[in-house]
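Tertiary structure, described
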Amino acid sequence: MPDELFTIAAATTGAPASAPFGRALTAMVTPLTDDAGLDLKATAALAEKLVDDGCDGIVVSGTTGESPTTSDVEKDAVLRTVLEAVGTRAHVVAGVGTYDTRHTSELAQAAEKAGAHGLLVVTPYYSKPPQEGLYQHFVAVATATDLPIMLYDIPARTGVPIATDTMLRLAEHERIVAVKDAKGDVFASSEVMSRTGLAYYCGDDALNLALLTHGAVGFVSVVAHAAAREYAEMIRAVDSGDLPRALRLHRRLIPAVRGIMTRTQGAIMAKAAIQLRGVTDNRTVRSPLVPATDEQVALLRADLAEAGLV
């Protein structure tokens, strides 16, 4: 695990003292072949490109990685591929969250066996468990391995937020160390940051700068597929107290956020973005997702050009 990379960064940039999974992470898509099989060669190449561009963390098999439609065997293959490609240069976090506590724990154990540096565990979705159910779910998964955990709070997709009181209880567990925050409630996030040692990572690209200025240590970004270098620079600007520079970067990247995150599902447009940038040769997704249309790709090209990214 590349802890020494973060130690060097913290010493030279004024980074927060605790960023257990790095600072600039990408929620990476899972490249597929034309017939929707895994493309592990492209997976390794994409991970290497993202790290070369400035990411110090990769999240695999999150929603952007099409985790609902990849098998457990495929998730293991993707994780091992990314670990082999960049595991000595970046933190590699495995998405293992499901709406089944037992299955999530099994995926966590498999990720630990494969060598993952940490786990991303999303709030159980669809079944809308009560807060006590959320608490018991996360604690059970945290107890299943020795890996550090990043909770993923995204109520717009799961149907249930992790309430502030529940977050405070979860923060007491030694292996629950971070939150990927896509709740859209900066005040609630600020309160948890003020009362716990949890490291917050913005999980909503529209709010990256806002959450950084409230104390987040970094982000888990989809738009970083096209703007990893610029987002890493934004973190450095905030660390150095140069908020005008950070704001310029934020405003410059608004068209990229618009193009990737607002016109259709994020994984669809992230795949279109990396195809436009020549990293992959297709934009294949698995059903029920559908590939970006030519019209959507044309709009995305204009958005990325406006942001200075193509």
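Here is what the cut-offs are and how they apply
- Residues numbered from 1 in each chain as written.
- Predicted model: local features only at pLDDT ≥ 70, side-chain atom pairs only at ≥ 80, totals over all residues.
- Heavy atoms only, no water.
- Core = buried A, V, L, I, M, F, W, Y, C linked by side-chain atoms within 4.5 Å.
- Buried < 20%, exposed > 50% of the residue type's maximum accessible area, 1.4 Å probe, protein only.
- Helix = DSSP H or I, 4+ residues; strand = E, 2+ residues; numbered from the N terminus.
- Contact = heavy atoms within 4.5 Å.
- Pairing = 2+ DSSP bridges.
- Axes fitted to C-alpha atoms, helices over the stretch in contact; angles between N-to-C directions.
- 1 Å grid on protein atoms, 1.4 Å probe; cavity = no way out; pocket = protein on both sides within 12 Å on 5 of 7 lines; lining within 4 Å.
- Points joined across faces, edges and corners; volume = space filled by probe spheres on them.
- UniProt positions renumbered as here; feature names shortened; annotations may be inferred.
- Right-handed = clockwise from strand over helix to strand, strands pointing away.
- Polar contact = N/O pair within 3.5 Å; in protein donor to acceptor, adjacent residues only side chain to side chain.
- Disulfide = S-S within 2.5 Å.

Residues L79, V82, L119, Y201 and Y231 are the most contacted members of the largest nonpolar core, which totals 100 residues. No other element matches the ten residues that helix α10 (residues 224-239) contributes to this core. Not counting the four nearest positions on each side in its chain, L79 is found in contact with V60, V92, A94, A111, A114 and A116.

Around the barrel, eight strands lie side by side as β1-β2-β3-β4-β5-β6-β7-β8; this closed barrel has parallel pairing. On average, each strand axis in the sheet is tilted by 25° relative to the strand beside it, whichever way the strands run. Two strands pair when backbone bridges link them, and strand β2 (residues 57-60) and strand β3 (residues 91-95) are joined in this way by four bridges, in the parallel orientation. Paired with V59 across the bridge in β3 is V93. With respect to the sheet, α10 is in contact with β1 (24-27) and β8 (218-221), its orientation differing from that of β8 by roughly 175°.

If you add up the space inside the largest pocket, you get close to 670 Å³. If you trace the largest pocket, you find 29 residues lining it, with T63, S67, P68, G97 and Y125 closest to the centre. For the lining of the largest pocket, the elements supplying multiple residues, two or more each, are α3 (72-86), α4 (101-114), β4 (118-122) and α6 (155-158).

Within the UniProt annotation, "active site" (unreviewed entry) is assigned to Y152 and K180. Considering the C-alpha atoms alone, the annotated residues occupy 29 residues of sequence yet fold into one spot, their largest mutual distance being 4.7 Å. Considered against the largest pocket, the annotated residues that line it turn out to be Y152. Counting through the fold element by element, Y152 comes out in strand β5 (residues 149-153). For Y152, a relative accessible area of 7% corresponds to the buried category. Excluding its chain neighbours within four sequence positions, the residues that come into contact with Y152 are L120, V121, V122, T123, I162, K180 and A182. For K180, the location among the structural elements is in strand β6 (residues 176-181). Look past the residues within four positions of K180 in its chain and what remains in contact with it is A27, L120, M150, L151, Y152, D153, Y201, G203 and V220.

As a further point, take unusual backbone geometry. As a rule of thumb, non-glycine residues mostly have phi less than zero, and peptide bonds are mostly trans rather than cis. Of the consecutive residues S287 and P288, the connecting peptide bond is found in the cis state with omega at 20°. Note on placement: P288 falls in the loop between α13 (266-276) and α14 (294-306). Unusually for a residue other than glycine, A36 sits at a positive phi of about 75°. A relative accessible area of 21% means that A36 is categorised as partly exposed.

Attention shifts here to the pairing of β1. Along any regular strand the residues' side chains alternate between the sheet's two faces. Of the two faces of β1, both are covered, the one formed by A24 and T26 as well as the one formed by L25 and A27. Pairing between β1 and β8: three bridges, direction parallel. In the sheet register, L25 faces β8, and the bridge partner there is V220. Bridge analysis of β1 against β2 gives three bridges, and the strand direction is parallel. In the strand pairing of β2, T26 is matched with I58. Since β1 and β2 lie parallel, the crossover through helix α2 (residues 40-52) that links them has a hand, and here it is right-handed.

Our next topic: the environment of D72. One can find D72 in helix α3. With relative accessibility at 38%, the residue D72 sits in the partly exposed group. Spatially, the C-alpha atoms of D72 and L299 are 35 Å apart, while their sequence positions differ by 227 residues. Other than its neighbours up to four places away in sequence, D72 contacts H103 and L107. A polar atom in the side chain of D72 sits 3.0 Å from the side chain of H103.

Further remarks concern the state of the cysteines. For the structure shown, the criterion picks out zero disulfides. No disulfide involves C55; its sulfur sits 14 Å from the nearest other cysteine sulfur, which is in C202. The exposure class assigned to C55 is buried, which follows from its relative accessible area of 4%.

Let us look at the UniProt feature "binding site: pyruvate" (unreviewed entry) in the chain. When the UniProt feature table is mapped onto this chain, "binding site: pyruvate" (unreviewed entry) is found at T64 and V220. In three dimensions, the annotated residues from a span of 157 residues occupy one location, with a maximal C-alpha spread of 10.8 Å. The residues contacting T64, other than those within four sequence positions of it, are A27, M28, V29, T30, V222, H225 and A267. Aside from chain neighbours lying at most four places away, what touches V220 is L25, T26, A27, V59, M150, K180, Y201, C202 and G203.

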